[in-house]
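Topology and contacts: notes
Okay, here's what each chain looks like letter by letter:
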Number of protein chains: 4
Amino acid sequence: MKVVRDPVHGYIELDKLAISLIDTSPLQRLRRIRQLGFSNLVYPGANHSRFEHSLGTMHLASMLTEQIEASEDDKNELRAAALLHDIGHGPLSHVTEDLIEKYTRTKHEDVKSILKKEEISGICDEHGLSISNIADHIMGKTALGQIINSEIDVDRMDYLIRDAHYTGVAYGIIDHIRMIHKMQFHENRLVVTEGGLNAAESLLVSRFLMYPTVYFHHVSRIAESMFNRAVEELILNDKLNPQRLRRMDDSQIFEFLRNDDGYPGEMMRRINERQLYKRALYAGFESVDENVLKQRKHIHRIEKEIAEDAGVEEKEVLVDIPRLSQIEEMNALIRSNGKMLYLDQASHIVATLENAHRDNWRMGVYTPKEHREKVKKVAESFFDLKKQTRQYKLTDL
Amino acid sequence: MKVVRDPVHGYIELDKLAISLIDTSPLQRLRRIRQLGFSNLVYPGANHSRFEHSLGTMHLASMLTEQIEASEDDKNELRAAALLHDIGHGPLSHVTEDLIEKYTRTKHEDVKSILKKEEISGICDEHGLSISNIADHIMGKTALGQIINSEIDVDRMDYLIRDAHYTGVAYGIIDHIRMIHKMQFHENRLVVTEGGLNAAESLLVSRFLMYPTVYFHHVSRIAESMFNRAVEELILNDKLNPQRLRRMDDSQIFEFLRNDDGYPGEMMRRINERQLYKRALYAGFESVDENVLKQRKHIHRIEKEIAEDAGVEEKEVLVDIPRLSQIEEMNALIRSNGKMLYLDQASHIVATLENAHRDNWRMGVYTPKEHREKVKKVAESFFDLKKQTRQYKLTDL
Amino acid sequence: MKVVRDPVHGYIELDKLAISLIDTSPLQRLRRIRQLGFSNLVYPGANHSRFEHSLGTMHLASMLTEQIEASEDDKNELRAAALLHDIGHGPLSHVTEDLIEKYTRTKHEDVKSILKKEEISGICDEHGLSISNIADHIMGKTALGQIINSEIDVDRMDYLIRDAHYTGVAYGIIDHIRMIHKMQFHENRLVVTEGGLNAAESLLVSRFLMYPTVYFHHVSRIAESMFNRAVEELILNDKLNPQRLRRMDDSQIFEFLRNDDGYPGEMMRRINERQLYKRALYAGFESVDENVLKQRKHIHRIEKEIAEDAGVEEKEVLVDIPRLSQIEEMNALIRSNGKMLYLDQASHIVATLENAHRDNWRMGVYTPKEHREKVKKVAESFFDLKKQTRQYKLTDL
Amino acid sequence: MKVVRDPVHGYIELDKLAISLIDTSPLQRLRRIRQLGFSNLVYPGANHSRFEHSLGTMHLASMLTEQIEASEDDKNELRAAALLHDIGHGPLSHVTEDLIEKYTRTKHEDVKSILKKEEISGICDEHGLSISNIADHIMGKTALGQIINSEIDVDRMDYLIRDAHYTGVAYGIIDHIRMIHKMQFHENRLVVTEGGLNAAESLLVSRFLMYPTVYFHHVSRIAESMFNRAVEELILNDKLNPQRLRRMDDSQIFEFLRNDDGYPGEMMRRINERQLYKRALYAGFESVDENVLKQRKHIHRIEKEIAEDAGVEEKEVLVDIPRLSQIEEMNALIRSNGKMLYLDQASHIVATLENAHRDNWRMGVYTPKEHREKVKKVAESFFDLKKQTRQYKLTDL
């Protein structure tokens, strides 16, 4: 048994299985993938990697499995799954997720093909573990898999605390130890028992508050939009194979872009020197037609149209219409007095988060500083903006 | 300028005024008053005192006044008020608050008489500060006084973080620095500017979560009920003058009770040895008639009636019907785009807390372990209990 | 299995044995004994109790026993000993230690008589544990007992971290988890293995730095001297039985003193209002004759002499000549490459601490502010002071 | 005034000058340079960048300048110097330092040429600051410059706390606030006043303990040796211009190596997949001839000789003979009772650190796992090893 120091959990214990898996290239690669993409442009401390998050997730999964009944093999498969759950991520984690899904039709949780390769499958064989069970756990298709992929799972707990630790944002502090102590299986469903209700509420509120402050910060989103536009350009021009993109690490894609002498190289330079595009438009649901979400499919057409009307280059207008994400944790189950309730039935505060979360949604149109006024005018008219929406003035470096 | 180490804020600076005031007996007495009454029966670390909270409140008040425009004298008066705001507390802080108010008709914020005494008034004269202004600040009657006594004030911020630190409960972590940076005066109202909205939401949610976990933990409430009944007994029998009670510290009232050889002495012994009464009834609003709140006036009559019906001694039944406290922070003002909104208008999550907070309310009937069943039966019938309500099983030492 | 929240270790698990022991009056009494005596006069946060320290010591002892081979009964006896190791402390912990030893000839580790009483012995019988073994563990007479009472034990680890946490002084941060992981038994001696050398060095340095900053701070020492003089006065006048003193808690002795209307009452009032005596003399070894240590036996005679010469009341001169404490940790064993070494042989830095620690020693003569100059003159001549020694100017509240 | 969140200092304030400087490419580049080189191979959290360290150093420098008397311009120049002090670092910070110095004859503190470029000099002109003064401050040639570059400076304080925070190693916790409060200028020398002695001791001991645990961990050193050998190979073969190396960021040099298809590419692959060379020899001063330090000049010749004798490829033997670094802090000045002392005169504990630090020195010979035994034999004989030295078994991932 070895231990490794982790700034978030103190010490993480590693048994032989964990050490073998860690020594494979798919896991070592996660050392070179930042957890929070471009958030370090806003929070200079946010340089943490998917690797440490993977160790942390395994640590919490071990803690939870200790209090449930299952065979050693089942527990080991789950712990392996916890450790491996993020090996399907492309460079910069969530930043490239949509692009990779669009061009390779593979979700990041779909890691069967990576697991099957000799390097990992050999280790699993040696320890008598099933690749196929591990893959199913990661997809959240199994009962046990709920521990790492369900409405309330240890993956979320680890990233929330970890992101809070490295950004320095206080909101991510949750009582994960109590939370885990209060979780158990009931008829194959992972449920939170009543004593864990406050901890669960706290978890949801934390995540809710991290959205506008960290995960949806406009500076990261602008850098992300610029980066993705640049990468897509390379894909569309057959300069970059999307399957290869998926296997790259952060350095590789950064240098790939940097060595390009056209638009992609220019975008990378701008990000590196922090000469980011600016917001020409930034609007919440209250100011735009709700159908705006349907226009997500035609982003490039819209960008082209606005650019033409504003008299700027097509690629100088970036339209960013995020999905309206759900707070899945609401569907977590609470077990109280022998009855099962969904979390939003058991808690007034959780029930309200759906609407509150909608308030955090923003769409944006970004463009170089010098075109801001022109593009703003056209974009406002294009989206038939009801009134100029609030623009948060946040610090960003 | 001296500095003192504070586990919560790191270092607190003390100027001459602060040092002089700290050296007076009303402030030194606060060293001997625990901040959280009997919470240390549940959270062994919760032994912190009103004294350190007073220093912390002054520290945050100084931070806030640094960013507003006011004369040095005004600022000094406010800082003095922050330091002195709790000198009116009786032993064990909030535990004796209702009792002292009932028998002395004085609220704990009403400290004019204490300020007027030579010890403090001399210092204020010397520094050219007005006692009367300081008293008004503490009562929250002035514009500047909102900093330490209003819907969102630094008093609350300090105690929330401090209570979290000493109990070890994670929920109290708030982003108080951001909060303070985002507060300003607008037309004599202390308002939170838009960039502080998330921090304000976080503050409210924290307080909300601290209620069931710490402030309203049933073990503290049982000890509190036993203690108050014992003290009231002494007052009713003219053994203890309520004015004297108000000036006591924790040790004094503890020894006063311990030296009594009747019921009060017995209650103190039970608390000290942790042989607490148990819950015969513990019910939320959903199980009792709402008019129960009106019965707060006749507690002793009810206790007597239940005791008689259950065939136990009158003082062996303690009925605890807490007030339905308001979350005043909802009425804090948010300034956004030149408009003023109440916090519950600006935030979905805050709007819901009123109902959620109602869920935290519990009434209780407590009695020695051996009478539990008898009393339970009578009490359930007395309060016409709709159904046995949930009983949280929390750890307590 | 219950858990209790601890600000230092997060969560502490309590099994049935622990819960039963905690529910006894000797352990409940520790809630009312401050860990650091009068240190809260300097560090306002230092209000923590022996109770939480006892829980923490048991927690660390459990952690260490998990990695050694021993029977369940042996482990339980050790854990019980860890929990109970401080029940022999008098009020204010170390403050009254010398006085109690002087007048009752009992050391605080000698708790056999307390253990034998029905309350605790009954529980031990029920769990098949031997009172006598537990007592021996606490005295450090057994092999296993080294875990809680030896050169490097978990008692010291817990109080170091805990005192740092509550005072806010950074120096107490040690890597106790690594330390514990690197400890093992070798031929019935508890040894630190080589990988734990740095952690052990860090532990010693921490304790060394905590001495002048916290444990030996002159303000606590002055209050302590005043308090002890007052208590001894009561003992000498047969007003207070030293056996009774030993069983008191902080509130009891405080009120006992406060209710006295002579010198003891006056000392208590002075401490409560922080009108402490001042240093008329404060000198290190470099300025006094080394034989000064031998004069510890005649303190009262010296006080009398100085007082007479200075023309002040006898009890207005307090002479404080502390023992020259040893850093026992130096004799801890390090096991490296199959050889055993004492810690000060294995580490250059530890070897030096003995001399360095000598530098921290100070003797003091304290007197009311108004007599300072008179007493200073006489005391300097009495102790044949070579030169006026350095006087640290530290902040104290 | 903007603020940015920093996990170490909480909030860092940025005025206009700081914001302008931060927006330049030399500072933005520091976002892409890891502070601790390859330490993340041992401590997965150690991904922090020179950028945040630069902000932190400026923050502490501002704190210190607030308490000294100097003109606003002088203070601004110093703050600029604190922010810019690391812009001369090559990729991976100290990892490439020796190599860059060897081939470009430029030290990393020598940043005049970078400052002179339009981007930064323009900003300095605008704010009326002298480039030349700033460069001198960074070199530690000025009185004020001692704040950021001298025996005890804020640069060291920030990196110590920051490295501790991100590695999770407890030893780096120091009382930097007290330290700074106790520093002042005396006759143009930055001195620590007596009240800061313990804080200074703590600082030195912390750094001393961080050496074996973090800075000199053998795993980082092996990776570093492999990396440097690979980079030097590129330089010697004229594939990489050392001036260009100096301006690269981590991604650039990583990709440069990765795209090489010879030895450098192989080394990079091995580092990325953590197939590191192993220690064939690892020895302290007690086992080798002290003249070994003189052999630092002929490393490649030694490597060649050992490789030939062992029958392995030349580049498969890496010899690592580190400099015997001095603990410069010993020469910091302490001012006590009007006298000046060097820190090692004022403190027993510091006096001993020189010898203790020597104990931390290790030389190593590294080679692929499969050649370990062969190389070990030859190397032991080559260095005339007295006895096999202790090999710490530490966890590394």
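Quick notes on the rules
- Residues numbered from 1 in each chain as written.
- Chains lettered and ligands numbered in written order.
- Predicted model: local features only at pLDDT ≥ 70, side-chain atom pairs only at ≥ 80, totals over all residues.
- Heavy atoms only, no water.
- Helix = DSSP H or I, 4+ residues; strand = E, 2+ residues; numbered from the N terminus.
- Rg over C-alpha atoms; globule rule 2.2 N^0.38 Å.
- Buried < 20%, exposed > 50% of the residue type's maximum accessible area, 1.4 Å probe, protein only.
- Contact = heavy atoms within 4.5 Å.
- Areas by Shrake-Rupley, 256 points an atom, 1.4 Å probe, with all protein chains shown as cover.
- Least-squares fit on C-alpha atoms with pLDDT ≥ 70 in both.
- Buried area = accessible area lost by both parts, 1.4 Å probe.
- Salt bridge = Lys/Arg side-chain N within 4 Å of Asp/Glu carboxyl O.
- Polar contact = N/O pair within 3.5 Å; in protein donor to acceptor, adjacent residues only side chain to side chain.
- pLDDT = per-residue confidence, 0-100.
- Pairing = 2+ DSSP bridges.
- Nonpolar A, V, L, I, M, F, W, Y, C, P; charged D, E, K, R; others polar.
- Axes fitted to C-alpha atoms, helices over the stretch in contact; angles between N-to-C directions.
- Phe/Tyr/Trp six-rings, centres within 6.5 Å; stacked < 30°, edge-to-face > 60°.
- Lys NZ or Arg CZ within 6 Å of the ring centre and 35° of its normal.
- Lys, Arg positive; Asp, Glu negative; His and termini not counted.
- Expected span 1.5 Å × (residues − 1).
- Arc of directions from axis to C-beta.
- Core = buried A, V, L, I, M, F, W, Y, C linked by side-chain atoms within 4.5 Å.

Glancing now at the overall build of chain A. Summing up its helical and strand segments, chain A has 19 helices and 9 strands in all. Taking 2.2 N^0.38 as the reference for a compact globule, 397 residues should give roughly 21 Å; the C-alpha atoms of chain A span a radius of gyration of 22 Å, in line with that estimate. Seen through its principal axes, chain A has C-alpha atoms that stretch 65 × 50 × 35 Å. Residues counted as buried form 63% of the 397 residues belonging to chain A. Look at the contacts in chain A between residues 6 or more apart in sequence, and 74% of them connect residues 24 or more apart. Surface accessibility of chain A: about 14900 Å² in total, with carbon and sulfur atoms responsible for 44%.

Our next topic: the relation of the copies chain B and chain D. Both copies of the chain are tied together by a single rotation about an axis and a shift running along it. Each copy superposes on the other: chain B lies on chain D with an RMSD of 0.0 Å after a rotation of 180° and an axial shift of 0.0 Å. Taken together, the turn and the small shift mark the pair as related by a two-fold rotation axis. A shared interface surface links the copies, since 100% of the contact residues of chain B are contact residues in chain D too.

Turning to the interface of chain D and chain A, a few remarks are in order. Between chain D and chain A, the residue contacts involve 42 residues of the former and 42 residues of the latter. Taken together, both faces of the contact between chain D and chain A bury some 3700 Å²; the carbon and sulfur share is 53%. Inspection of the chain D/chain A interface yields 2 salt bridges. Joining chain D to chain A, the criterion identifies 10 residue pairs in polar contact (both at pLDDT 80 or more).

Another point: the confidence of the model for chain A. Residues and elements named next belong to chain A. Per-residue confidence for chain A gives a mean pLDDT of 91; residues scoring 70 or more make up 96%. Here residues 388-397 scores under 50 on pLDDT; set against residues more than four positions off or in separate chains, the count is 45 contacts. Here the complex is predicted with pTM 0.90, and the ipTM for its interfaces comes to 0.91.

On a regular strand, one side chain projects to one face of the sheet and the next to the other, so that they alternate. Residue and element names in this part refer to chain B. With 4 of its 5 residues buried, strand S4 (residues 189-193) lies for the most part within the structure. The pairing of strand S3 (residues 183-186) with S4 spans 4 bridges and is antiparallel. Residue pairing across strands places phenylalanine 185 opposite leucine 190, the latter belonging to S4. In terms of strand pairing, S4 meets strand S7 (residues 333-336) through 3 bridges, oriented parallel. Among the inter-strand pairings, threonine 193 is bridged to a residue of S7, identified as arginine 335.

This paragraph deals with the interface of chain B and chain D. With 7 residues of chain B in contact, the opposing surface of chain D contributes 7 residues. Taking both sides of the interface into account, the surface hidden between chain B and chain D amounts to around 620 Å²; carbon and sulfur atoms contribute 50%. At the junction of chain B and chain D, the tally comes to 2 salt bridges. Of the charged contacts in the structure, one is a salt bridge between B:Arg5 and D:Asp175, with a shortest N-O distance of 2.4 Å. Linking chain B to chain D there are 4 residue pairs in polar contact (both at pLDDT 80 or more). When residues of the side of chain B that touches chain D are traced back to their parent elements, those giving at least two are strand S2 (10-14) and helix H10 (176-181) of chain B. When residues of the side of chain B that touches chain D are assigned to their parent elements, the largest contribution, 3 residues, is made by H10(B). Looking at the side of chain B that touches chain D, its residues break down into 2 nonpolar, 1 polar and 4 charged.

This next bit is on the relation of the copies chain D and chain A. Mapping chain D onto chain A calls for a screw motion: a turn of 180° about the axis and a shift of 0.0 Å along it, with 0.0 Å RMSD after fitting. Counting the interface residues of chain D, we find that 100% of their copies in chain A are interface residues as well, pointing to one common contact surface.

Attention now goes to the pattern of salt bridges. Applying the stated criterion across every chain, the model contains 108 salt bridges over all chains. When the shortest N-O distance is used, the salt bridge between A:Arg32 and A:Asp249 registers 2.7 Å. With A:Arg32 in the loop between helix H2 (25-29) and helix H3 (50-66) and A:Asp249 in the loop between helix H13 (242-247) and helix H14 (250-258), this pair connects stretches of sequence that are 217 residues apart. B:Glu233 is the salt-bridge partner of B:Arg229, the closest N and O atoms lying 3.6 Å from each other. Here B:Glu233 and B:Arg229 lie together in helix H12 (residues 218-236), a separation of 4 residues that amounts to about one turn. In terms of burial, B:Arg229 and B:Glu233 fall into one category: buried. Each member of the salt-bridge network shares a partner with another, and the members are A:Asp153, A:Arg156, A:Arg207, A:Glu328 and A:Glu329.

Turning our eyes to something else, we now look at the sheet that holds strand S3 (residues 183-186) of chain A. Residues and elements named next belong to chain A. Pairing within the open sheet is mixed, and its 4 strands lie in the order S3-S4-S7-S8. Looking at the sheet topology across the chains shown, the edges are occupied by S3 and strand S8 (339-342). Strand-to-strand twist across the sheet, computed as the mean angle between neighbouring axes with direction ignored, equals 45°.

Residues and elements named next belong to chain D. Across the 6 residues that make up strand S5 (residues 278-283), a large majority, 5, are buried. Here S5 pairs with strand S9 (residues 363-367) via 5 bridges, running antiparallel. Within the sheet, the bridge partner assigned to arginine 279 lies in S9 and is tyrosine 366.

What follows covers unusual backbone geometry. Residue and element names in this part refer to chain D. Located in the positive-phi region is leucine 92, a residue other than glycine, with phi close to 60°. The residue leucine 92 is located in the loop between helix H4 (72-84) and helix H5 (97-104) in this model. A positive phi angle is found at serine 93, which is not glycine, with a value near 55°. Turning to its location among the elements, serine 93 is positioned in the loop between H4 and H5.

Taken as a whole and assessed by the stated rule, the structure comprises 34 aromatic pairs over all chains. A centroid spacing of 5.8 Å and a plane angle of 65° characterise the contact between A:Tyr211 and A:Phe216, whose relative ring orientation is edge-to-face. Overall, A:Tyr211 belongs to the buried group, its relative accessible area being 15%. A residue is classified by how much of its surface remains accessible, and A:Phe216, at 21% relative accessible area, is partly exposed. Between C:Phe382 and C:Phe383, the ring centres sit 5.0 Å apart and the planes meet at 75°, which makes this aromatic pair edge-to-face. A relative accessible area of 28% places C:Phe382 in the partly exposed class. Three or more aromatic residues link up through ring pairs in this structure, and these residues are A:Tyr159, A:Tyr211, A:Tyr215 and A:Phe216. Positioned above the aromatic ring of A:Phe216 is the side chain of A:Arg221, whose terminal nitrogen or guanidinium carbon lies 4.8 Å from the ring centre.

Next up on the list: helix H14 (residues 250-258) of chain D. Looking at H14(D), one finds that the buried residues are D:Asp250, D:Ser251, D:Ile253, D:Phe254, D:Glu255 and D:Leu257. Buried residues along H14(D) sit in contact with H14 of chain A together with helix H12 (218-236), helix H13 (242-247) and helix H15 (263-272) of chain D.

Okay, the side chain of A:Glu77 next. One can find A:Glu77 in helix H4 (residues 72-84). With no salt bridge to any partner, buried A:Glu77 finds its closest opposite charge in A:Arg79, at an N-O distance of 12 Å.

Now for helix H16 (residues 299-310) of chain D. Residue and element names in this part refer to chain D. A rise of 1.5 Å per residue sets the reference length of H16, with its 12 residues, at 16 Å; its end C-alpha atoms lie 16 Å apart and thus fit the reference within 8%. Buried residues of H16: Ile299, Ile302, Glu303, Ile306, Ala307 and Ala310, and no others. Across the axial projection of H16, the buried residues extend over an arc of 130°, all falling on one side. Summarising the geometry of H16, the exposed residues directed more than 90 degrees from the buried face are Arg301, Glu308 and Asp309. Here the buried face of H16 lies against H12, strand S6 (318-320) and helix H19 (372-382). Glycine 311 occupies a position one or two residues after H16 and carries a positive phi of about 70°.

Looking now at the nonpolar core. Among soluble globular proteins, nonpolar side chains are generally buried collectively. C:Ile152 and D:Ile152 are the most contacted members of the largest nonpolar core, which has 221 residues in total. For C:Ile152, the contacting residues outside a window of four places in its chain are C:Gln146, C:Met157, C:Met179, C:Met183, C:Leu190, C:Val192, C:Ala200, C:Leu203, C:Leu204, C:Glu329, C:Ala332 and C:Leu343.

Turning next to the side chain of C:His59. Mapping C:His59 onto the fold places it in helix H3 (residues 50-66). Excluding residues within four positions of it along the chain, C:His59 makes contact with C:His9, C:Tyr11 and C:Ile12.

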